[in-house]
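Letter by letter, the chains look like this.
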Amino acid sequence: RLPLQIQFYLSQAEYNARHSDKIPLHLALRDWMSLAVPLAHGAWDTASWERGNHRTDDDGYRNEVYMSMLQKCLDAAEPFNRFSDRECYYYPTLGREEEGVEAKQRKRRRVGTTNAVVPQLVSENLDGGNESPLVVVSRVFFSLRLALDMQRGKNFAPPPKLSFGY
């Protein structure tokens, strides 16, 4: 029932989580953000994606499929320590010496995947989009947990009416 693109993003994030020792952190972050941003900030089509054809977007009931997608997205970030490691965002500088300049004095270079995935989140910043990638990821985590908590507070939807042709 879910769109093919969201199914692909979910399967990629779950694959990365299962093989977290083989996947570079910045690539796992890119794939995870591709799934997390539409879930956190996109529109959820309840009538098309939830079970039962009697549901609407504003019916006030719990969206079970949406909740499971949010939980799977949060679970996919766990093997990567919720992307709180510096290697997700910056190229490593340790171990490389350039013409007498110590590694601690050199400026770290950003890995260019975070801002490319979510330009709308970075551009929302008031100072022109110079927001730290960790802040962007933190905002997405907060949005996912908030949406999950809001769904948990709702009641289950009633079953659809059964009609036997009378």
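Within each chain, residue numbers correspond to sequence positions counted from 1 in written order. Side-chain atom pairs in this predicted model are given and counted only at pLDDT of 80 or more, local residue features only at pLDDT of at least 70, and totals for whole chains, interfaces and linings cover all residues. As a rule here, side-chain values cover all heavy atoms of the structure and leave hydrogens and water aside.

**Re the nonpolar core**
Phase 1: In this structure, Trp32, Leu39, Met69, Phe83 and Leu144 are the most contacted members of the largest nonpolar core, which totals 38 residues.
Phase 2: Going through the elements one at a time, α1 (4-18), α2 (25-41), α4 (64-77) and α7 (133-152) are the ones with two or more residues in this core.
Phase 3: In what follows, residue pairs with any heavy atoms lying within 4.5 Å of each other are defined as contacts. Setting aside anything within four residues of it in sequence, one finds Phe83 in contact with Leu25, Ala28, Leu29, Trp32, Ala77, Cys88, Tyr89, Leu134, Val137 and Phe141. Nonpolar cores are built from buried Ala, Val, Leu, Ile, Met, Phe, Trp, Tyr and Cys residues. Side-chain atoms within 4.5 Å join them into one set. Here's how the labels work: a residue is buried when its accessible area is under 20% of the maximum for its type, exposed when over 50%, partly exposed in between, all with a 1.4 Å probe on protein chains only. Only runs of H or I of at least four residues qualify as helices and only runs of E of at least two qualify as strands under DSSP, and these elements are numbered from the N terminus.

**Considerations on the packing of aromatic side chains**
Phase 1: Put simply, two rings from Phe, Tyr or Trp (the six-membered ring, in Trp's case) pair if the centres are within 6.5 Å, and we call them stacked under 30 degrees between planes, edge-to-face over 60, tilted for the rest. Applying the stated criterion to the full structure yields 4 aromatic pairs.
Phase 2: For the ring pair Phe8 and Tyr9, a centre distance of 6.0 Å and an interplane angle of 55 degrees mean the geometry is tilted.
Phase 3: With relative accessibility at 22%, the residue Tyr9 sits in the partly exposed group.
Phase 4: Centre to centre, the rings of Trp32 and Phe141 are 4.6 Å apart; their planes meet at 25 degrees, and the pair counts as stacked. Taken together, the residues span a long stretch of sequence, with Trp32 in helix α2 and Phe141 in helix α7 at a distance of 109 residues.
Phase 5: Judged by its relative accessible area of 1%, Trp32 falls in the buried class.

**Remarks on the side chain of Asn16**
Phase 1: Take Asn16: it is sitting in helix α1.
Phase 2: Discounting chain neighbours no more than four positions away, the residues touching Asn16 are Ile23, Leu27, Ala28, Asp31 and Phe80.

**Considering the pattern of salt bridges**
For side chains bearing opposite charge, pairing can occur when the charged atoms are close.
Phase 1: Any carboxyl oxygen of Asp or Glu within 4 Å of a side-chain nitrogen of Lys or Arg constitutes a salt bridge here. In the structure shown here, the tally under the stated rule is 3 salt bridges.
Phase 2: With a shortest N-O distance of 3.2 Å, Asp31 and Arg30 are connected by a salt bridge.
Phase 3: On the basis of relative accessibility, which here comes to 12%, the residue Asp31 falls in the buried class.
Phase 4: For Arg30, a relative accessible area of 33% corresponds to the partly exposed category.
Phase 5: In this structure, the salt-bridge partner of Arg82 is Glu78, at a minimum N-O distance of 2.7 Å.
Phase 6: Classification of Arg82 as partly exposed rests on a relative accessible area of 44%.

**Overview of α1**
Phase 1: Taking 1.5 Å per residue, 15 residues should reach 21 Å; α1 reaches 21 Å between its end C-alpha atoms and fits that length.
Phase 2: Those residues of α1 that sit buried are Ile6, Leu10, Ala13, Asn16 and Ala17. Along the long axis of α1, the arc covered by the buried residues comes to 130 degrees, so they all point the same way. Exposed positions of α1 whose direction lies more than 90 degrees from the buried face are Leu4 and Arg18. Working rule for helices: expected span equals 1.5 Å times residues minus one. By arc we mean the arc of the directions from the helix axis to the C-beta atoms, nothing more.

**Examining the environment of Arg145**
Phase 1: With respect to the helices, strands and loops of the structure, Arg145 is situated in helix α7.
Phase 2: Judged by relative accessible area, Arg145 falls into the partly exposed class, the value being 37%.
Phase 3: Between the C-alpha atom of Arg145 and that of Gln71, which follows or precedes it by 74 residues, the distance is 8.6 Å.

**Re α7**
Phase 1: Along its 20 residues, α7 runs 29 Å from first to last C-alpha, staying within 8% of the 28 Å computed at 1.5 Å per residue.
Phase 2: By the burial criterion, the buried members of α7 are Pro133, Val136, Val137, Val140, Phe141, Ser143, Leu144, Ala147, Leu148 and Gln151. All buried residues of α7 project into a common sector of 155 degrees when viewed along the axis, lining one side. Structural note: α7 exposes Phe142 and Met150 on the side pointing more than 90 degrees away from its buried face.

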